Amino acid sequence: MIIALLCLFAVGATAVAAAAAAGGCLCLMVLGVLAVVVLVTARGVLRRYRQWRGKRSPLLAQSDGRAGMSMPRAIHDAGAVVVVGGDFARSPRMQYHAVSLAQHFRWIGCVGLDFGNKVAESLRNVDSIPPSVGEPKVVYALQSAPVVPHCMRRNWILSTAYRIGAFVISFAGALTSELHRQRRSGPAGANSQTACVTHVLVQSPPAAPFLHLVLAVAFFENFFYRFLWQHGLRGREWPPLVVVVDVHNYGFTLLAIDKRPAWIVSVYHLLERWAVRRCDAMLTVSHVMKDALVSSPEGIKQRRAASAAMTSLDPRCGFSLSPRSRVTVLHDAAPDFYAPCERSILFKDVLAAERELRAPPWYHMNGRDAAGGCQEARDAPPLVIVSSTSWTADDDYSLVVQALTIVQSAIVAAKDSPTPLRRVWLIVTGKGVTRSVFEQQVEAARFDPQLIHVSTAYLQSFNNYARVLGAADVGLCVHRSSSGLDLPMKCVDMLGCGIPVIALDYPALAELIHSESGWTFTDAASLAPILVNLLQCRPVVMADSASAQNELTTKRHYVRSHRQQWTSNWERSAAPVLGCGKE
């Protein structure tokens, strides 16, 4: 095929040169004929290219309604690349993807940004996964964030345009390097053609410009190298590069909640919709998001009219994807190292390792347990609440401060009663721009340090983060979804550690939190009674206290007996999409 195209080009160039020497009219006629020939040839080449993709890729064949061959397990044979258009170390779901992909693929490339944070310990330990291939299984191509010049920092449009340009240049080089580095690292011999990247998994948001860049690189890789060069000239059967996007949320809704100009939100929506529709397959975090992706804007409007709970849903969330089988729901689930934890471990190990996290001065541990560690004082144990956040605009912690103000008044009012309320220790973990705002609000509230203690910290270690969650009594999530369709991974982590969750309510949350696994609230006024109910002491006199204690115990027991694990969820839902299904 390549030889035929080269011959056609040579003949055409010769004909044009001869016609130009003979006269202008003849030259135009020859050019017109050549244009028709080129268009017909290109159409035939593209048709054969689509047939090649459908034949060689079982995923694409099945998505087009054709019967495709089953994808063999890819260990030792192929590589995969995981792309994050942000801080890779703060994208736990994509890191868990990489760990799971390492169980099946020979190589895993990680492309993203590096802000100096640490990746999960489970990803750092991937190289120990058998069988050993003598080389690292995970190759990092993390780029430093570009520094915007001072003259552009005051203008959001100019600074964003500069970042996009810098991102495109650095990411294009990193992604291309990963695709070809893994090919060169393949085993020598007759089977070396199978040692290539077959799947690229991209996180969205952000969709633009990263998803567009991946699609462009995948097209050039597939069409010019794997189809024309390898398949046409060398006769090798390289599989197509499959692009799978993991849709966590809608990027244009995040821009809207960040109060960006309306025209920028509209342009981003068009770019995001165009790119997502052209991916080979999609993963989503919830069923309602899948329904929105495959629906049209008119369908979203009909759903809003039929259900009062969907009135806040933006009709632009309908991407009109087809066919429906291309979208697969992969619910978030905590990895194996998320588990219930004894509170003595929190005091003995975590507080010693995480200097930023401090316990209340009145919260002490006394005595010794069987393992030689300290035991919690049982006279009046406080209610330990843990919350995690990225400190973005969709997490409004001002309502937590308002609720704690109401709770403090309730504690003071019940101080001299036969059933006084417990103290509160609130631990908020995370890193972001609005953390200082929350700390200022806590300071302005002037909580009594003997009744309510608020700790903020960023835990670099995923294992220590899991221990803090597992040692708490209850989790708190104030994630306010910008689209109303995503699910907070913070709640998933808490449920994985066996603690019930108090979560801010929105339509999609019912897939994760229900009456048996936690509580939902809508504002500070509805959050405060839940906390006060949980602060009641152990049942001695009052029946209400007994019901509160039993409610917390019952929910904790339910959560611990219904814990889901990431590995089983991933193998069941994502593995077939990413070419890791069994034969």
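Scroll up to find the structure.
So, how was this worked out
Residues numbered from 1 in each chain as written. Predicted model: local features only at pLDDT ≥ 70, side-chain atom pairs only at ≥ 80, totals over all residues. Heavy atoms only, no water. Pairing = 2+ DSSP bridges. Helix = DSSP H or I, 4+ residues; strand = E, 2+ residues; numbered from the N terminus. Axes fitted to C-alpha atoms, helices over the stretch in contact; angles between N-to-C directions. Buried < 20%, exposed > 50% of the residue type's maximum accessible area, 1.4 Å probe, protein only. Arc of directions from axis to C-beta. Polar contact = N/O pair within 3.5 Å; in protein donor to acceptor, adjacent residues only side chain to side chain. Patch = residues over 30% accessible without salt bridge, like charges linked within 9 Å, V, L, I, M, F, W, Y side chains within 5 Å. Areas by Shrake-Rupley, 256 points an atom, 1.4 Å probe, with all protein chains shown as cover. Salt bridge = Lys/Arg side-chain N within 4 Å of Asp/Glu carboxyl O. Parallel < 35°, antiparallel > 145°, perpendicular 65-115°, else oblique. Left-handed = near helix turned anticlockwise from the far one by under 90°. Contact = heavy atoms within 4.5 Å. Nonpolar A, V, L, I, M, F, W, Y, C, P; charged D, E, K, R; others polar.

**Q** Explain the sheet that holds strand 4 (residues 196-204) to me, please; I cannot follow it from the model alone.
**A** Within a sheet, neighbouring strands are paired by backbone hydrogen bonds and run either parallel or antiparallel to one another. With respect to topology, seven strands assemble into an open sheet ordered 3-2-1-4-5-6-7, the strand pairing being parallel. The strands lining the two open edges of the sheet, one partner per strand, are strand 3 (138-144) and strand 7 (327-329). This sheet shows a mean twist of 20 degrees between the axes of neighbouring strands, independent of strand direction. Pairing of strand 4 with strand 5 (residues 242-247), which is carried by six bridges, proceeds in the parallel orientation. Bridging from a neighbouring strand, Gln203 pairs with Asp246 of strand 5.

**Q** What exactly am I supposed to notice about helix 17 (residues 524-534) here?
**A** Count 3.6 residues to each turn of an α-helix, and residues three or four apart come out pointing the same way. All of the buried residues along helix 17 are Ala524, Leu527, Ala528, Ile530, Leu531 and Leu534. Buried residues of helix 17 fall within an arc of 165 degrees about the axis and therefore sit on the same side. Between a side-chain oxygen at the N-terminus of helix 17 and the backbone nitrogen of Ala525 the separation is 3.3 Å; the capping residue is Asp523.

**Q** How should I be thinking about a nonpolar patch on the surface in this particular structure?
**A** On the surface, a nonpolar cluster with roughly 380 Å² of combined accessible area is contributed by Ile157, Trp263, Val267 and Leu271. For the nonpolar patch, the element with the highest residue contribution is helix 9 (residues 262-277), accounting for three residues. Residue position: Leu271 is located in helix 9.

**Q** Help me out: how do you make sense of the packing of helix 13 (residues 398-413) against helix 17 in this one?
**A** Helix packing for two helices is described by the angle between their axes and how far apart those axes are. Look at helix 13 against helix 17: their axes get within 8 Å of each other, and the N-to-C directions meet at 45 degrees. Relative to helix 17, the element helix 13 is oriented oblique. Handedness of the crossing formed by helix 13 with helix 17: right-handed. Residues Leu399, Val400, Gln402, Ala403, Leu404, Ile406, Val407 and Ala410 of helix 13 lie in contact with helix 17, whose contacting residues are Ala524, Leu527, Ala528, Leu531 and Val532. Here the residues of the contact of helix 13 with helix 17 sort into 12 nonpolar, one polar and no charged.

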